[in-house]
Amino acid sequence: VVNQISQTSIDLRIIEDKHTFGGIKEKIQCISNIFGLENEKNQVVYNAISKKIQLLQDFKAINKKKSNKFLIILMMRGTSPVVAGANTSGDGFLKSLGLQNSMSEVDGWKPVSKEEIILADPEYIIVTDRAFKSFSSKEQFFLKTGTNLTRAGKENNLIVKDGMALLGFGPRTLDAAISISKFLKE
């Protein structure tokens, strides 16, 4: 489709996705430039984003000291959770917050077995709304996914977030990151 569009007279721009909070600022700046938005209006948005990123840098410094392991579940494929391994937006999200990915030895988004999750033993599980909606409660989620045998399951540490807000690396990603950071701080 991209090849077909590029052969037309339509101005096509592909914005690189860096999976960092700084990359979000770069996207906003790029889009502002494409649309020729006034610098004054752009600066208001840019400053608001910058403040959120600074707050997240403060949280990152705190989180790095804790070394808690996290698991991000994107969706369920049958009975197997599809998790964020290395080189994914989920891994980038966790790294941006100074958090450890319990599935960093997996490359990409992959379905994994209950046994692999139990061996990884995350202390926190972040799951998308989409993956969570087929479960009636946190308890059912932990039980049916086998995560009840992990530290996250035993301590009831489950965070449910909108998938695009969490992994889309747009302005809503910053809000999701702040929300999670505040939850961890409590």
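Residues numbered from 1 in each chain as written. Predicted model: local features only at pLDDT ≥ 70, side-chain atom pairs only at ≥ 80, totals over all residues. Heavy atoms only, no water.

Asks: What's the story with the nonpolar core in this structure? I'm lost.
Replies: For soluble globular proteins, nonpolar side chains are generally found buried alongside one another. By size, the foremost hydrophobic cluster in this structure holds 25 residues, and its most contacted members are Phe21, Leu56, Phe93 and Ile126. For this core, the elements supplying multiple residues, two or more each, are α2 (21–35), α3 (39–66), β1 (69–77), α4 (89–96), β5 (124–128), α9 (163–167) and α10 (171–185). The element contributing the most residues to this core is α10, with five residues. Once residues within four sequence positions are removed from consideration, Phe21 is found in contact with Ile53, Leu56, Ser96, Leu97, Phe169, Thr173, Leu174 and Ala177. (Core = buried A, V, L, I, M, F, W, Y, C linked by side-chain atoms within 4.5 Å. Buried < 20%, exposed > 50% of the residue type's maximum accessible area, 1.4 Å probe, protein only. Helix = DSSP H or I, 4+ residues; strand = E, 2+ residues; numbered from the N terminus. Contact = heavy atoms within 4.5 Å.)

Asks: Got a minute to help me understand the pairing of β5 in this structure?
Replies: Strand residues, when the strand is regular, have side chains that alternate between the two faces of the sheet. Buried residues dominate β5, accounting for five of its five residues. Neither face of β5 is left uncovered, since the one carrying Tyr124, Ile126 and Thr128 and the one carrying Ile125 and Val127 both have all their residues buried. Note that β1 and β5 share four bridges and pair parallel. By the bridge assignment, Phe70 is partnered in β5 with Tyr124. When β5 meets strand β6 (residues 158–161), the two strands line up parallel, connected through four bridges. (Pairing = 2+ DSSP bridges.)

Asks: Help me out: how do you make sense of the environment of Asp121 in this one?
Replies: With respect to the helices and strands, the residue Asp121 is situated in the loop between α5 (114–120) and β5. With 82 residues separating them along the chain, Asp121 and Asn39 place their C-alpha atoms 48 Å apart. Those residues in contact with Asp121 that sit more than four places away from it in its chain are Lys69, Leu149, Thr150 and Arg151. Of note is the side chain of Asp121, whose polar atom sits 2.8 Å from the backbone nitrogen of Arg151. (Polar contact = N/O pair within 3.5 Å; in protein donor to acceptor, adjacent residues only side chain to side chain.)

Asks: When you look at the pattern of salt bridges in this model, what are you seeing that I'm missing?
Replies: It is possible for side chains bearing opposite charge to pair when their charged atoms get close. Taken as a whole and judged by the stated rule, the model has eight salt bridges. Taking the shortest distance from any N to any O, the salt bridge between Lys52 and Asp175 comes out at 2.7 Å. Of this pair, Lys52 sits in helix α3 while Asp175 sits in helix α10, and the two are 123 residues apart along the sequence. We classify Asp175 as partly exposed; its relative accessible area is 38%. In this structure, Lys95 engages Asp91 in a salt bridge whose closest nitrogen and oxygen atoms are separated by 3.1 Å. (Salt bridge = Lys/Arg side-chain N within 4 Å of Asp/Glu carboxyl O.)

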